[in-house]
Structure formats: C-alpha cells, structure tokens
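Inside the fold
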Amino acid sequence: MQRLLIMKYLLTHKTHPTADDIYNELSKRMPTLSKTTVYNTLKLLAESKACLALTLDEKNIHYDGDTTLHGHFLCKECMTIIDIPINEISLNREESSDYTVDSMEISFYGRCSACQKKRM
Ligand SMILES: [Zn+2]
Ligand SMILES: [Zn+2]
C-alpha cells in the first residue's frame, strides 16, 4: 500500500525527488508513514529496477520513476535536475557476452538557463 503510493508519487512527479522530498509530501497525507519506510521502499524499488536511483548530486540520492534510457543534467547552482534525451542508437545494446549492464548513469553538469539569465 505505502509502496504503491511511493511508486505513484515517482511516476507523477518528474522532478527527481529525494527520499526526504517524498517523505515530506506523502507524510502530509499519511501521518503514519515513517521515514525509514520511505527509504527502504525506494531502495527496494531501485533494486528491482522499478525506478532509478541517481547519484549525480553527491549529497543526495534522487529517484526517477522514468526508467527509459535518458541522461540527466544537474545545475550546480540551483541543484535542479533536468532530463536529457539520449541518442539510443549509439548507447543501446552495450551488453555483450562478456558482461551485462545492470545500471547506467549519464550525467551532465553545468548551469541551467534560469541560472544563466540570473548572471547576466
Ligand atoms: Zn539552475
Ligand atoms: Zn530522469
């Protein structure tokens, strides 16, 4: 039940929330929800590949309900994470008989357009 709610939150919020973000939002509606449950559920969902656990922000793990192939851009000023479309042809099927790929993270770092404008 709680697991479903967390998964639903991930699928409807494309903002790449952290476990804390999800806990803060869901605990408003579900006061019995514990932080440990949220953390454990997210870990489980990521392990079963129902969601992505992104480590591009070294302080926080961000979760992503979109498990299709795409890269991420992290703005170093406002810490916003933006989805980046990836050309599937060059990256797809990296698997061979020598190894299998369990996870892949494509990360870009820089300044988003809003932060660039602020500087001008
Ligand atoms: Zn920014
Ligand atoms: Zn994403």
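Attention now goes to the overall build of the protein chain. A tally of regular secondary structure across the protein chain gives five helices and five strands. Helices and strands appear in the protein chain in the N-to-C order α-α-α-β-β-β-β-α-β-α. Overall, the protein chain is about 50 × 45 × 25 Å in size when its C-alpha atoms are taken along their principal axes. Taken across its 120 residues, the protein chain has 15% of its residues classed as buried. Pairs at least 24 residues apart make up 48% of the contacts formed inside the protein chain by residues separated by at least 6 positions.

Over its 13 residues, helix α3 (residues 35-47) runs 18 Å from end to end, which matches the ideal 18 Å to within 8%, given 1.5 Å per residue. For α3, every residue scored as buried is listed here: Val38, Thr41 and Leu42. Take α3 and look down its axis: the buried residues cluster within an arc of 100°, on one side only. The exposed residues of α3 that point more than 90 degrees off its buried face are Thr36 and Glu47. On the buried face of α3, the contacting elements are α1 (2-12), α2 (19-29) and β2 (62-64). Following α3 by one or two positions, lysine 49 adopts a phi angle in the positive range, close to 65°.

Once that is clear, we can look at the environment of glutamate 77. With respect to the helices and strands, the residue glutamate 77 is situated in the loop between β3 (70-75) and β4 (81-85). Of the residues examined, glutamate 77 has 14 C-beta atoms within 10 Å and is grouped as partly exposed. A sequence separation of 44 residues divides glutamate 77 from leucine 33, and the C-alpha atoms of the two residues are 32 Å apart. Other than its neighbours up to four places away in sequence, glutamate 77 contacts Arg111 and Cys115.

Looking now at the pairing of β3. Two elements, β3 and β4, share five bridges in a ladder whose sense is antiparallel. Along β4, the bridge assignment pairs glycine 71 with isoleucine 84. With antiparallel pairing between neighbouring strands as the criterion, β3 and β4 make up a hairpin whose turn holds five residues, including methionine 79 at a positive phi of roughly 60°. Pairing analysis gives four bridges linking β3 to strand β5 (residues 107-110), with the strands arranged parallel. Bridged to cysteine 75 within β5 is glycine 110.

What counts and how
Residues numbered from 1 in each chain as written. Chains lettered and ligands numbered in written order. Predicted model: local features only at pLDDT ≥ 70, side-chain atom pairs only at ≥ 80, totals over all residues. Helix = DSSP H or I, 4+ residues; strand = E, 2+ residues; numbered from the N terminus. Buried ≥ 20, exposed ≤ 12 C-beta atoms within 10 Å, placed from the backbone. Contact = placed C-beta atoms within 7 Å. Expected span 1.5 Å × (residues − 1). Arc of directions from axis to C-beta. Pairing = 2+ DSSP bridges.

All quantities given are derived from atomic positions and should not be read as evidence of function.
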